[in-house]
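Secondary and tertiary structure notes
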Amino acid sequence: MADKIKTTISHLNNCVDHEVTLSGWLYNSRSSGKLVFLILRDGTGLCQCIVEKEKMPEDVFDAVKHLGQESSLRVTGLCRAEPRSPGGHEIAVTSVDIVCPTNDYPITPKEHGVDFLMKNRHLHFRSQRQWAIGKVRHTVIDAIRRFFNDNDFTLIDTPIFTTIAGEGEQTLFEVDYFGRPLHLAQTGQLYLESAAMAFGKVYCFGPTFRAEKSKTRRHLTEFWMVEPEVAYTDLPGLLELGENFVSFIVQKVLEDNRAELEMLGADIAHLENIKAPFYRLTYTEVADILTSDRTVKFMADQLAAFNARKTEIEKQLADIDAQTKAGGMKKWKQEKNARLTIELRSELSELETKIENNPKHAQLAADFKWGKDLGGSDETIISLMHDKPVFITHYPKKAKAFYMKTDRSNDKVVENFDLIAPAGFGEMIGGSVREDDYDYLVERVKEEGYEPESYDWYLDLRKYGSVPHGGFGLGVERTVAWITGEKHIRQCIPFPRMMDKVYI
RNA sequence: UCCUCGAUAGCUCAAUUGGUAGAGCGAGCGGCUGUUAACCGCUAGGUCGUAGGUUCGAGUCCUACUCGAGGAGCCA
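Since this is a predicted model, take the numbers as computed values, not measurements. (Residues numbered from 1 in each chain as written. Chains lettered and ligands numbered in written order. Predicted model: local features only at pLDDT ≥ 70, side-chain atom pairs only at ≥ 80, totals over all residues. Heavy atoms only, no water.)

**Focus: a nonpolar patch on the surface**
- Nonpolar side chains collect at one region of the surface, where Phe161, Tyr177 and Phe178 lie side by side and expose about 380 Å² of accessible area between them.
- Within the secondary structure layout, Phe178 lies in the loop between strand S9 (174–177) and strand S10 (180–184). (Patch = residues over 30% accessible without salt bridge, like charges linked within 9 Å, V, L, I, M, F, W, Y side chains within 5 Å. Areas by Shrake-Rupley, 256 points an atom, 1.4 Å probe, with all protein chains shown as cover. Salt bridge = Lys/Arg side-chain N within 4 Å of Asp/Glu carboxyl O. Helix = DSSP H or I, 4+ residues; strand = E, 2+ residues; numbered from the N terminus.)

**Some points on the environment of Ile489**
- Position of Ile489 relative to the elements: it lies in the loop between helix H15 (476–484) and strand S18 (497–498).
- The exposure class of Ile489 is buried, given its relative accessible area of 3%.
- Considering only alpha carbons, one finds Ile489 and Tyr283, 206 residues apart in sequence, at a separation of 27 Å.
- Ignoring anything within four residues of it in the chain, the contact list for Ile489 reads Arg217, Arg218, His219, Leu220, Glu477 and Arg478. (Buried < 20%, exposed > 50% of the residue type's maximum accessible area, 1.4 Å probe, protein only. Contact = heavy atoms within 4.5 Å.)

**What about the packing of helix H4 (residues 128–150) against H15?**
- Between H4 and H15, the least distance of the axes is 10 Å, while the angle of their chain directions is 125 degrees. Judged by the angle between their axes, H4 and H15 are oblique. Seen from above, H4 lies across H15 with right-handed handedness. Contacts between H4 and H15 pair Ile133, Val136, Arg137, Val140, Ile141 and Ile144 from the former with Val476, Glu477, Thr479, Val480, Ile483 and Thr484 from the latter.
- Looking at side-chain class alone, the contact of H4 with H15 contains eight nonpolar, two polar and two charged residues. (Axes fitted to C-alpha atoms, helices over the stretch in contact; angles between N-to-C directions. Parallel < 35°, antiparallel > 145°, perpendicular 65-115°, else oblique. Left-handed = near helix turned anticlockwise from the far one by under 90°. Nonpolar A, V, L, I, M, F, W, Y, C, P; charged D, E, K, R; others polar.)

**Topic: the sheet that holds strand S15 (residues 416–421)**
- Pairing within the open sheet is mixed, and its eight strands lie in the order S7-S11-S12-S17-S16-S15-S14-S13. Sheet topology places strand S7 (154–155) and strand S13 (279–282) at the edges, where each strand pairs with a single neighbour.
- The pairing of strand S12 (residues 222–231) with strand S17 (residues 469–475) spans five bridges and is classified as antiparallel. Following the sheet pairing, Met225 is matched in S17 by Gly475.
- With respect to the sheet, H4 is in contact with S7, strand S11 (201–209), S12 and S17, its orientation differing from that of S11 by roughly 150 degrees. (Pairing = 2+ DSSP bridges.)

**Description of the packing of H4 against helix H6 (residues 235–256)**
- Axis separation between H4 and H6 bottoms out at 9 Å; the angle between their running directions is 135 degrees. In terms of orientation, H4 and H6 fall into the oblique class. Crossing hand, H4 versus H6: right-handed. Two secondary-structure elements touch here, H4 through Val136, Thr139, Val140, Asp142, Ala143, Ile144, Arg146, Phe147 and Phe148 and H6 through Leu241, Asn244, Phe245, Phe248, Ile249, Lys252, Val253 and Asp256.

**Quick notes on the domain arrangement of chain A**
- According to the domain assignment, chain A consists of domain 1 (5–100), domain 2 (119–283 + 368–492) and domain 3 (292–361).
- For domain 2 and domain 3, the distance between their C-alpha centroids amounts to 36 Å.
- Contact with domain 2, which involves five residues of that partner, is made by seven residues of domain 3.
- Carbon and sulfur atoms supply 69% of the area buried between domain 2 and domain 3, which totals about 620 Å² over both sides.
- Inspection of the region where domain 2 meets domain 3 yields zero salt bridges.
- Between domain 2 and domain 3 we count zero residue pairs in polar contact (both at pLDDT 80 or more) in total.
- Residues that form the side of domain 2 that touches domain 3 fall into these classes: three nonpolar, one polar and one charged. (Domains from an automatic or database assignment. Buried area = accessible area lost by both parts, 1.4 Å probe. Polar contact = N/O pair within 3.5 Å; in protein donor to acceptor, adjacent residues only side chain to side chain.)

**Thoughts on the pattern of salt bridges**
- Evaluated as defined, the whole model comprises 25 salt bridges.
- In this structure, Glu272 engages Arg258 in a salt bridge whose closest nitrogen and oxygen atoms are separated by 2.8 Å. Taken together, the residues Glu272 in helix H8 (residues 268–272) and Arg258 in helix H7 (residues 258–264) connect sequence positions 14 residues apart.
- Judged by relative accessible area, which is 35%, Arg258 ranks as partly exposed.
- For Glu447, the salt bridge goes to Arg444, with nearest N and O atoms at 2.9 Å. In this pair, Glu447 and Arg444 are both assigned in helix H13 (residues 438–447), three residues apart and thus about one turn of the helix distant.
- By relative accessible area, Arg444 is classed as buried at 4%.
- The structure contains a network of salt bridges with shared partners spanning Arg41, Glu70 and Arg126.

**Let's talk about the sheet that holds strand S8 (residues 161–162)**
- Spatial ordering of the open sheet is given by S8-S10-S9, a layout of three strands whose pairing is antiparallel. Each edge of the sheet is formed by a strand with only one pairing partner; in this case those strands are S8 and S9.
- With two bridges joining them, S8 and S10 adopt antiparallel strand pairing. When the bridges of S10 are listed, Thr162 appears paired with His183.

The structure is reproduced here in structure tokens:
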């Protein structure tokens, strides 16, 4: 017999037929007389551990049998392949070291409400779903850094306390900086432009703060954004960079986290299809689509599909109700039905919201006038019509930020783009070519009602060796939500900060 | 800010439509040699969000407030 190996569950495939020690927490346990099945969690996976009464001192066996969920413990035993165990291996336990026995752990293996879980966020992390999302988030962030580092970009850290606005002043968090008002960064872009003139290709990656009064499943007030900025590029160059970047992230997650994606019920076939090139539409083309018969039909088809599903669910619920009333049902069947009922009801209420919103969204699309910014529902319609992300370019100048470059062939639009994620999650990337002409830029600053003096250093960049350049920002949490299929962005960041809610 | 829905055991939900508050999970005790959100039996656990009102009688009806969820606007 070899020496005991101290290892983790993720490395058990190298330890079959060896004596190993695992350190972790009790995820769940079952007992049956002379056997206890411990499901151990160690942060790398789950593993079933078998404790047999005959092979244990009686007091140890009793202690193990009564161990509560999330007790911390070390187990030692023989590792063997076992297809019935969650990770494919199990440990035939020879000794158990209870580190901290636990009672009354609040999060049970059953369903919980959102509010309860968020208030227990510090413990909620331990559950499988949150763990899987955390692993995917890690890969997304790793892929982001890898992509830029491997493509000759230099990381530039931009400040979090900022002196000038990038996106819009009404969404800035103001802080008292020793008596002087500064703002939390809502973008690193302006600083990054100066760095691009020094390094050529740069990116920044950090937290971003926006005081938007947005209470939706797509918004956080503190979120993570990565922003590349490239000197000597143009709009086609930026689109190519964007699609290669997003494809790389998705493929990396597919490579590293397939098991997590499966656990989360993500749409893997859809993700495998995410490869450059993506679709390209101009804002004007999108406006035409939104007001076309195609959209009318698309919305009507959607409504019909929603209603059909609604009827189906209602029938299922009525069936369950009738069965229950008829009586004589086995207990396990009753419980299964109760679970199903809760699921069906929640799907039903979601459907009802969609059915209620559909005509409004159809109307908004039909009434769309050239010049308006695209609304969330408009983006959703466009994204649902496509099986891959869609670039929308050349928005009206009036709807966009002052630093975006005016299209010299049509001065009503700017050379910008948004990338809309498929499946209705909305905008994932926003970017543009930057205005590089001094006079144009001063004019735009004035039009926005800002003082050119407060943009002195930014305007300098157009005086000293100005070049065509541009970049974009990608929201990490929206990307994670899209890839994992998670419905709410608050599950995609460890400790979410929302407009009206900061839990712990 | 506006609209809709909700608040009952530690958690997730019921309560025959105004008539003595229930179930599962979790907790405690017991049973079972292979379980998969295991199963079976027993036990404990409640000022029905708060304050008023209607009524012989309110978890259920009305008013106000508090808190939560979903949606709208704006955005990555």
